[in-house]
Amino acid sequence: MEKSKKYILSIESSCDDTSAAVLCNKKVLSNVVATQEIHKQYGGVVPELASRAHQQNIVPVVHQALAKANIDKKQLSAIAFTRGPGLMGSLLVGTSFAKSLALGLNIPLIEVNHMEAHILAHFIEHDNQSIPSFPFLAMTISGGHTQIVKVIDHFQMEVLGQTLDDAVGEAFDKSAKLMGLPYPGGPLIDKYAQLGNPHAYEFPKPKVDGLNFSFSGLKTSILYFLQRETRKDPDFISKHINDICASVQYTILEILMEKLQMAVNQTGIHQVAIGGGVAANSGIRQRLKDAEENLGWSTFIPKFEYCTDNAAMIGIVGYLKYEKGAFSDQSIAAKARYAIGG
Ligand code: KG4
Ligand code: ZN
């Protein structure tokens, strides 16, 4: 018998992107993302401004998602929203909107953990896709998090290691800032790195036990390196931007791949997935493809639009929870610190 169709409207507002999506079961009908440009001039996300921009964006973004999906709100089966982790002022906008809409339409409300969603984005159905089977390893690499997670089931996850200081996306963004590049610098480092020599300059890798990461030392060594070189030649950065970016990116990718390899060795699990904004990086995508050939791993890389923050990934978790009947009631509150499985 054909499974009945469920339409889930999902809302993501954890940081500086306001996003809404409509899914029909596991397929995405629309996924609208409004990126807040206002933060660029401040070199990073300003929480108060993010919250205000979410308030302005949320109604038009939700309207657009419904219109693009060609779905009337009366057809919706449930509303899913990001409960956390994230910026409290930003989370509150999506949470209150989702709660009121679910109440008004008298349909179930489903809370979603943003970091679990980055992992479960792999279960969104689309063409030419292979889906990891359980158990698999997921490395979540974003602006706020860096973790290696053992995924035992959709909702049973174990964090094997994580960053002790900066997240990997922060390492990209802060390095870019030191080079005078605008926020968010990660995609720009990626762009310049493709034109440069990854071995032009050498940066030290941190020594951290087990599967944990550290990125704050790298930032400091890049700062000292740039200060030293620009004292000799004030135009050093602009002359060598491609090589600097390639070398910084190479060091970051070495750190990530070393720990991933260690996790594979420790667990004996050879299925490896990545998720989060940094999973959009062309270098890490290539390194995973190389690992398929050279190390015999099966690797899973989300479509580009499901790497950086988006509501489609919230929607797939919404659907999986809908199937389980895991609904929230109107007393649910946003949670700025919200661990995986927490
Ligand atoms: O997952 P995400 O959109 O938001 C968070 O939940 O944090 O991740 C944003 C991070 C930013 O640090 C951004 O610079 C980084 O992902 N990022 C990239 C690339 N695209 C986004 N970093 C390196 N290369 C990219 N192509
Ligand atoms: Zn994210």
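Residues numbered from 1 in each chain as written. Chains lettered and ligands numbered in written order. Predicted model: local features only at pLDDT ≥ 70, side-chain atom pairs only at ≥ 80, totals over all residues. Heavy atoms only, no water.

### Digging into the coordination of the zinc ion (ligand 2)
So, point 1. Donor atoms from the polypeptide that coordinate the zinc ion (ligand 2) comprise His114 (NE2), His118 (NE2) and Asp309 (OD), at 2.0 to 2.2 Å from the metal.
So, point 2. Donor residues for the zinc ion (ligand 2), ordered by position in the chain, follow H-x3-H-x190-D. Here His114, found in helix α3 (residues 114-120), pairs with Asp309, found in the loop between β10 (298-300) and α9 (312-324); they are 195 residues apart in sequence, far enough to count as distant.
So, point 3. By relative accessible area, which is 6% here, His114 ends up buried. (Donors = N, O, S within 2.8 Å, 3.2 Å for Na, K, Ca; no water. Helix = DSSP H or I, 4+ residues; strand = E, 2+ residues; numbered from the N terminus. Buried < 20%, exposed > 50% of the residue type's maximum accessible area, 1.4 Å probe, protein only.)

### Structural notes on the environment of Ile38
So, point 1. Among the secondary structure elements, Ile38 is positioned in the loop between β3 (27-35) and α1 (47-69).
So, point 2. In sequence terms Ile38 and Ala50 are twelve residues apart; their C-alpha atoms lie 8.3 Å from each other.

### Here we look at the nonpolar core
So, point 1. Within the largest apolar cluster, 47 residues are counted, with the highest numbers of intra-cluster contacts made by Met139, Met179, Ile252 and Leu256.
So, point 2. For this core, the elements supplying multiple residues, two or more each, are β6 (136-141), α4 (168-178), α5 (186-193), α6 (216-232), α7 (236-267), β9 (271-275) and α8 (282-295).
So, point 3. Looking at this core, the element that brings in the most residues is α7, giving 15 residues.
So, point 4. Every residue in contact with Ile252, bar those within four places of it in the chain, is listed here: Val168, Ala171, Phe172, Phe215 and Leu218.
So, point 5. Core analysis: the next-biggest nonpolar cluster, separate from the first, contains 32 residues, Leu120, Tyr306, Met313 and Val317 among them. (Core = buried A, V, L, I, M, F, W, Y, C linked by side-chain atoms within 4.5 Å. Contact = heavy atoms within 4.5 Å.)

### Re the domain arrangement of the protein
Interface size is commonly expressed as the accessible area that is lost once the parts come together.
So, point 1. Domain boundaries assigned for the protein yield domain 1 (7-122 + 308-324) and domain 2 (129-302).
So, point 2. Just the C-alpha atoms count here: the centres of domain 1 and domain 2 sit 27 Å apart.
So, point 3. Roughly 1,700 Å² is buried in total at the junction of domain 1 and domain 2, and carbon and sulfur atoms are behind 75% of that figure.
So, point 4. Sorting the residues of domain 1 by area buried against domain 2 places Met115, Ile119 and His122 first, and these three jointly supply 41% of that buried surface.
So, point 5. On inspection of domain 1 and its partner domain 2, the count reaches zero salt bridges. (Domains from an automatic or database assignment. Buried area = accessible area lost by both parts, 1.4 Å probe. Salt bridge = Lys/Arg side-chain N within 4 Å of Asp/Glu carboxyl O.)

### Examining the site of ligand 1
So, point 1. Close contacts around ligand 1 come from 19 residues, with Gly143, Asp173, Asp190, Gly277 and Asp309 the closest.
So, point 2. Between ligand 1 and Gly169, the relevant distance is 3.3 Å, taken from an oxygen atom to a main-chain nitrogen or oxygen of the residue.
So, point 3. Within the side chain of Asp190, an N or O atom sits 2.9 Å from a nitrogen atom of ligand 1.
So, point 4. Expressed as a share of its isolated accessible area of 560 Å², the protein-covered part of ligand 1 is 89%.
So, point 5. Sorting the residues of the shell around ligand 1 by element identifies α3, α4 and α5 as the ones contributing at least two each.
So, point 6. The residue inventory of the shell around ligand 1, partitioned by class, reads five nonpolar, eleven polar and three charged.
So, point 7. In this structure, the shell around ligand 1 is formed jointly by two domains, domain 1 (7-122 + 308-324) and domain 2 (129-302), each of which donates at least three residues. (Near = heavy atom within 4 Å. Polar contact = N/O pair within 3.5 Å; in protein donor to acceptor, adjacent residues only side chain to side chain. Areas by Shrake-Rupley, 256 points an atom, 1.4 Å probe, with all protein chains shown as cover. Nonpolar A, V, L, I, M, F, W, Y, C, P; charged D, E, K, R; others polar.)

### Notes on the pairing of β6
Two faces, one strand: in a regular strand the side chains alternate between the faces of the sheet.
So, point 1. Of all six residues that make up β6, six are buried, and the element is covered over most of its length.
So, point 2. Across the two faces of β6 the burial is the same, with Phe136, Ala138 and Thr140 and Leu137, Met139 and Ile141 all buried.
So, point 3. Count of turn residues in the β6/strand β7 (residues 146-153) antiparallel hairpin: four residues.
So, point 4. With four bridges connecting them, β6 and β9 associate as parallel partners. Along β9, the bridge assignment pairs Thr140 with Gly275. (Pairing = 2+ DSSP bridges.)

### A word on the packing of aromatic side chains
So, point 1. According to the stated counting rule, one finds nine aromatic pairs in the structure shown.
So, point 2. Measuring from centroid to centroid gives 5.7 Å for Phe123 and Phe134, while their planes differ by 25°, and the two rings are stacked. Placement of the pair is Phe123 in the loop between α3 and β6 and Phe134 in the loop between α3 and β6, with a sequence separation of eleven residues.
So, point 3. Of the residues examined, Phe134 reaches a relative accessible area of 31% and is grouped as partly exposed. (Phe/Tyr/Trp six-rings, centres within 6.5 Å; stacked < 30°, edge-to-face > 60°.)

### Thoughts on the packing of α1 against helix α2 (residues 88-105)
So, point 1. Two numbers describe how α1 lies on α2: the axes approach to 8 Å, and their chain directions differ by 30°. Here α1 lies roughly parallel to α2, going by the angle between them. Helix-helix and strand crossings are classified by hand; for α1 and α2 the assignment is right-handed. Residue-level inspection shows Ala50, Ser51, His54, Gln55, Ile58, Val59 and Val62 of α1 in contact with α2, the latter providing Gly89, Ser90, Val93, Gly94 and Phe97.
So, point 2. The residue makeup of the contact of α1 with α2, split by class, is six nonpolar, six polar and no charged. (Axes fitted to C-alpha atoms, helices over the stretch in contact; angles between N-to-C directions. Parallel < 35°, antiparallel > 145°, perpendicular 65-115°, else oblique. Left-handed = near helix turned anticlockwise from the far one by under 90°.)

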